[in-house]
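# Fold and geometry: a report
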Amino acid sequence: MSDAAPARSPRLSPPLPVRVMLAVALLLLLLGTAVTGAVTSGFRETRRHAATLASQGVEAQIERRLTDLAAREAALSEARLLKAAASTRIAAQAWPGLLAAGADPRPVTLAVSRTGALYDPAPTRRSDLWINRNRPIDRDVRRDIEDSRLLDALLPPLLAESPDTAALYFLSRRNVVRYVPPIGLHRLVAASLDFTAQPVFTGAQHPGAAGRTVWSPPYLDDAGHGLLVSASTPVVVQGRFRGIIAADVSLTRLAQALASLKPTPGGFAVLLDRSGRVLAAPDRAWTVLLGQRPPRDPKRQLAVSLLHAPGSALRSLRARLGGRTPGVQPLTARGAAYLLAQAPMPATGWTLLLLAPRDEVTAQYGSVAQAITRDADRTLRWTVALLLGCFLMGLVTAGRLAQTGIIRPVARLTRAARDVAGGRLDVRLPDGARDEFGLLARTFNVMLGSLQAHAHTLKRSEERYELAVRGSNDGLWDWHMDSGEVYYSGRWMGMLGDPAEPRSGTVDTWTDRLHPDDRERILRRLAHLQANRDDLLEFECRLRHQDGQYRWILSRAAVQRNASGRPVRLAGSHTDITDRVEALRVLEDRVAARTRDLEALLSVTRNLTYAEQLKDNLDRLAHSVVSATGASAVTVLLNDATGSTAEGHALSVGAADCPGPRRGPPMPPAPNPLRPRDPPSTLTGGPEVITLPLVYGERHLGLLRASYADPARVDDNERRLLGGLATQAAVVVENARLFAAAQNHAALEERQKLARDLHDSVSQALYGIALGGRTALRHLERAPDQAPDAVRYMLSLAEAGLAEMRALIFELRPESLEQEGLSMALTKLASALHARHALEVSLDVCGEPGVPLDSKVALLRIAQEATHNTVKHARARTVQLTLTCGPDTVVLDIQDDGAGFDVNDTGHGGLGQTSMRERARGIGGTCTVTSEAGRGTRVRVEAPVHCP
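Nothing here was measured: the structure is a model prediction, and the numbers come from that model.

Here is what the cut-offs are and how they apply
- Numbers given for residues are sequential positions, taken from 1 along each chain in its written order.
- Local features are withheld for residues below a pLDDT of 70 in this predicted model, meaning they are given only at 70 or higher, and side-chain atom pairs are given and counted only at 80 or more; totals for whole chains, interfaces and linings count all residues.
- To get the side-chain values, all heavy atoms of the structure are used, and hydrogens and water are removed first.
- Only DSSP runs of H or I with at least four residues qualify as helices, and only runs of E with at least two residues qualify as strands; both kinds are numbered from the N terminus onward.
- For every residue, the accessible area obtained with a 1.4 Å probe (protein chains only) is divided by the maximum for its type, and the residue is called buried under 20%, exposed over 50%, and partly exposed between those limits.
- By definition in these notes, contact holds between two residues if any of their heavy atoms fall within 4.5 Å.
- Every accessible area reported is derived by Shrake-Rupley at a probe size of 1.4 Å, with residue values counting cover from the shown protein chains alone.
- Pairing between strands is defined by DSSP: at least two bridges between the two strands are required.
- Where helices are involved, their axes are fitted lines through C-alpha atoms of the stretch in contact, as for all axes, and angles between N-to-C directions lie from 0 to 180°.
- Here, two cysteine sulfur atoms that lie within 2.5 Å of each other are counted as a disulfide.
- Here, a salt bridge means any side-chain nitrogen of Lys or Arg that lies within 4 Å of a carboxyl oxygen of Asp or Glu.
- The definition of a nonpolar core used throughout is a set of buried Ala, Val, Leu, Ile, Met, Phe, Trp, Tyr and Cys residues joined through side-chain atoms within 4.5 Å.
- Under the pairing criterion, centres of Phe, Tyr and Trp rings, with the six-membered ring standing for Trp, must be within 6.5 Å; the plane angle then separates stacked pairs below 30 degrees from edge-to-face pairs above 60, leaving the rest tilted.
- The definition of a polar contact used here is a pair of N or O atoms within 3.5 Å, where within protein one atom must be able to donate a hydrogen and the other to accept one, and adjacent residues in sequence count solely through side-chain atom pairs.

### Quick word on the overall build of the protein
Looking only at helices and strands, the protein features 26 helices and 30 strands. When each of the 948 residues of the protein is scored for burial, the buried share is 39%. When contacts within the protein are restricted to residue pairs at least 6 apart in sequence, those whose partners lie at least 24 apart make up 57%. Summed over all atoms, the accessible surface of the protein reaches about 53100 Å², with 55% contributed by carbon and sulfur.

In structure tokens, the structure reads:
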């Protein structure tokens, strides 16, 4: 430091403490005057307009409360719906992951319902599977069936977590439905219904619906769930639209919650959909807004729009109620004034309305105005006195605070600044204060510390960079584009076989080593970099080594541009990735070989079917194995009933008939039978022969033997492929045997049932005819005048037996309904009732009705069920069957004079009545059962001529 004394600063006049005190006093004086004048004027204005301000303030407060309440309740209501709809998004997002994990290998068995729809009849199923009867079962439909089964692990838990959700289901674009919970969907839904034409599906196909939930209009469910709304989410797997995941959300609990919502004692809430239909409202809302009580029929109630119905108080406000922002507006309904608050529900497009009578809102205006007027003068006096006291206290306090908080810290900072200007960088200020001066002192100290450490830090950074460059395994280069000079590090030169020393050159040093196939692509990348604003460059190329071989190089670089955006410098690194590229190539070759093996196994599986004879399947299997492998001949041998394997039991030989050039020497004799789980064996001598056991579970089914003319073709991959084919062959053999056993069992059960029916009916009738014949012979010998009675008895038994036989034939041949018609079928049913049970049957049919065959089958089954109940429970003497044909409907009426029952008694009317009603609903009709104790029973079925 210099020995000269620093120059003295000029003395400030007046001093800083005096100037601070004068400024504070002037500020407080001006502030007190302004505040006193403003307070006095404000209280006088408040006193003059107390009544007006009170009424406006209270009403505005009530309007804000109504608006906030409407918005909060709308958000809560919509949150309940969105919670239920969230399960569709969860399932739609999780399903592709389940598909990637693999499909369920168990086969799906399909059954055909009486209406023609396909469904899954498994009693342990977790979901209903339904397929339109007009949809053929092709590969795409089978894929939808198998893939959607994975949702059984996802949809039931999601349904259990949402109490407002009535059902979750998947609907593919091929009309395949997977429905949770399982309710017997094939009995509730028409077999020809096109689900893909419903709004819940068509809305999800809209281009703007990708990735979001689509809501359907509210509707009434025939299954007893009440008012529902459906939310659907599109499912896209690998860029392809597979269908939708939909949820049927019940609005019952939401309607109950809104019915109890009252913004004021006389207020109520109303929920409207997009078109103004009422979704939830108490009875008083209908009376106030529409002037009538709500319809008792839910369908009629849902059809009413409060925005368009004549006489509705909301009709004049429908333009303003269509807004998407909450608000309050006046409303006059039936001569009474109301405040109406609206809040939109954006996700569904619905609107929540809250109505409060205006006289309940304005009841407290008067008391508020009087309170404000009474307290105004007293508050004004106390306020002026308080302001004067605060002025004096503030003046004293400001003086002390200015001395300790401003003047002293500024003096210390001034002295420190003078020391730094003199060259002392080790000076420090006290930084314990927690105010702005303390922050300034800490910042000042940090700045001085940074200045001291800057030189040391800079030196360490230079050393670190030098070590990093030497230790890196990458080659570095730096291209100054204006001068054309390029710096190449020693590692860059060494990885290409040159001396590992840094050197300078041009860009040609690099481009001349490029592989001819890469040169044009890399030069285009460099030109693109110069023409565009890209800041980073990364590519892979091949550079020539000094030994003449090419090395794979990964190049990364960053560009530096001038103020005009032109690149002036390009620097980066080169990494040798030759080993990684070669490893990847080897891996790709292995994957390709494995893929070929899997495709071969798949082609073998596709050629097999379980419906053909076992020998045909084994022939196909042998031919497929020869085509898919290098074998010249393949033999499949099966165990006989004793479990041993013999040459005579070979069911298929693939070498003799297999087309193509694969021919080899004849196969050696069959070896001794293999035990289950024995490894593949190779027979030596002559051609190469591989023998594998056919094992299913723990049972040994037979052998698969493959002969190779060229033993060199047998390797580990070939053995693994043969092992997979042997496993598939075992599955084919076992399934064929199970299929044959199932057919034999079904035929045996049908024979036993026919034997029981013949014994209970026709056999008894024939026995009675034989007894009657013997009686007639005795009468002819002893009393000829009594012989005609015996003959007539024999004729009645013969007619009864004939009717019973026709009924059995009709049951065995249901296709006769299509040939003879419903009228003839009912006639045969009446004859069978008379013959079997001695009932007086009155039959009145209108001719053959013009209804579809499904409707005829359903009407006949209902008549059979009703008459069966009459015989079993009614103890009736007469039955009346009536079939009436109208232009639009067909009416079937079955009435008896039996014991009857109480239709309100839950103990009666079990499965039989349920079956009749389900059959009627299946053809779009209705089934009504009326009965009284002691007065008989009547079943009336009405069905449309054209089935929906």
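### Re the pairing of strand 16 (residues 485-488)
Every second residue of strand 16 is oriented toward a common face, the buried set being Val486 and Tyr488 and the non-buried set Glu485 and Tyr487. Where strand 15 (residues 475-480) lies against strand 16, four bridges are found, and the strand directions are antiparallel. When the bridges of strand 16 are listed, tryptophan 477 appears paired with tyrosine 488. Counting the residues in the hairpin turn of strand 15 and strand 16 gives four residues, including glycine 484, whose phi is positive at 80°. Pairing analysis gives three bridges linking strand 16 to strand 17 (residues 503-505), with the strands arranged antiparallel. Within strand 17, the residue paired with tyrosine 488 across the bridge is arginine 503.

### Comments concerning the environment of alanine 281
Mapping alanine 281 onto the fold places it in the loop between strand 11 (278-280) and helix 8 (283-290). Take alanine 281: its relative accessible area is 22%, and that puts it in the partly exposed class. Each C-alpha atom, one on alanine 281 and one on leucine 271, is 6.6 Å from the other, the two residues being ten residues apart in sequence.

### Focus: the sheet that holds strand 10 (residues 268-272)
Within the open sheet, the five strands sit side by side as 11-10-14-13-12. Their pairing is antiparallel. In the strand order of this sheet, the two ends are held by strand 11 and strand 12 (327-333), each with one partner. Adjacent strand axes in the sheet meet at a mean angle of 35°, parallel and antiparallel pairs treated alike. Where strand 10 lies against strand 14 (residues 350-357), five bridges are found, and the strand directions are antiparallel. Bridge assignment links leucine 271 to a residue of strand 14, and that residue is leucine 352. Its contacts with the sheet place helix 8 against strand 10, strand 11, strand 12, strand 13 (336-345) and strand 14, and it is angled at close to 80° to strand 10.

### What about the state of the cysteines?
Within the structure shown, the criterion is met by one disulfide. Here cysteine 846 pairs with cysteine 885 through a disulfide, and the sulfurs are 1.9 Å apart. One end of the pair, cysteine 846, is in the loop between strand 26 (840-845) and helix 25 (853-874); the other, cysteine 885, is in strand 27 (residues 878-885), and 39 residues separate them in sequence. For cysteine 885, a relative accessible area of 33% corresponds to the partly exposed category.

### Section: the sheet that holds strand 26
Reading across the sheet, the five strands line up as 26-27-28-30-29 and stay open at both edges, with mixed pairing between neighbours. The outermost strands of the open sheet, each flanked by one partner alone, are strand 26 and strand 29 (926-931). Taken over all neighbouring pairs, the strand axes of this sheet differ in orientation by 10° on average, direction set aside. With six bridges joining them, strand 29 and strand 30 (residues 937-944) adopt antiparallel strand pairing. Across the sheet, serine 931 pairs through a bridge with threonine 937, a residue of strand 30. In the packing of helix 24 (residues 822-837) onto the sheet, the strands contacted are strand 26, strand 27 and strand 28 (889-896), and the crossing angle to strand 26 comes to about 170°.

### Focus: the pattern of salt bridges
Within the structure shown, the criterion is met by 28 salt bridges. Close ionic contact of aspartate 164 with arginine 80 constitutes a salt bridge, the shortest N to O distance being 3.4 Å. Within this pair, whereas aspartate 164 is found in the loop between helix 4 (155-161) and strand 4 (165-172), its partner arginine 80 is found in helix 2 (residues 50-101), the two being separated by 84 residues in sequence. Note on aspartate 164: relative accessible area 10%, which makes it buried.

### Describing the nonpolar core
Leu81, Trp95, Ile245, Leu271 and Trp350 are the most contacted members of the largest nonpolar core, which has 48 residues in total. Examining the composition of this core, we find that twelve residues originate from one element, helix 2, more than from any other. Ranked by size, the runner-up nonpolar core spans 30 residues in total, among them Ala858, Ala863, Ile894 and Val939.

### Focus on the packing of aromatic side chains
For the structure on display, the rule yields seven aromatic pairs. The interplanar angle of 15° and the centroid separation of 6.3 Å between the aromatic rings of tryptophan 477 and tryptophan 510 together place this pair among those described as stacked. Taken as a pair, tryptophan 477 in strand 15 and tryptophan 510 in helix 15 (residues 508-511) lie far apart in primary sequence, 33 residues in all. In this structure tryptophan 477 comes out as buried when scored by relative accessible area, which is 9%. Judged by centre distance (6.1 Å) and plane angle (40°), the rings of tryptophan 510 and phenylalanine 539 are tilted. In this pair, tryptophan 510 is assigned in helix 15 and phenylalanine 539 in strand 18 (residues 536-544), connecting sequence segments 29 residues apart. Ring pairs connect the aromatic residues Trp477, Trp510 and Phe539, which therefore count as one cluster.

### Some details on helix 3 (residues 139-148)
Taken together, the buried positions of helix 3 are occupied by Val141, Asp144, Ile145, Asp147 and Ser148. Where helix 3 begins, the side chain of aspartate 138 points an oxygen toward the backbone nitrogen of aspartate 140, at a separation of 3.3 Å.

### Here we look at the environment of threonine 509
With respect to the helices and strands, threonine 509 occurs in helix 15. With 23 residues separating them in the primary sequence, threonine 509 and valine 486 have C-alpha atoms 8.8 Å apart. Apart from residues no more than four positions distant in its own chain, threonine 509 is found in contact with Tyr488, Trp492 and Arg503.

### A look at the pairing of strand 19 (residues 550-561)
Within a regular strand, side chains alternate between the sheet's two faces. The sheet contact formed by strand 18 and strand 19 spans nine bridges and is antiparallel. Bridged to arginine 544 within strand 19 is tyrosine 550. Between strand 18 and the antiparallel strand that follows it, strand 19, lie five residues; glycine 548 among them carries a positive phi value of about 90°. What sits between the antiparallel neighbours strand 19 and strand 20 (residues 567-576) is a turn of five residues, in which glycine 565 has the positive phi angle 90°.

### Re the side chain of glutamate 718
Within the secondary structure, glutamate 718 is located in helix 20 (residues 716-760). With sequence-adjacent residues up to four places away left out, glutamate 718 is seen in contact with Thr629, Gly630, Ala631, Tyr708 and Arg713.

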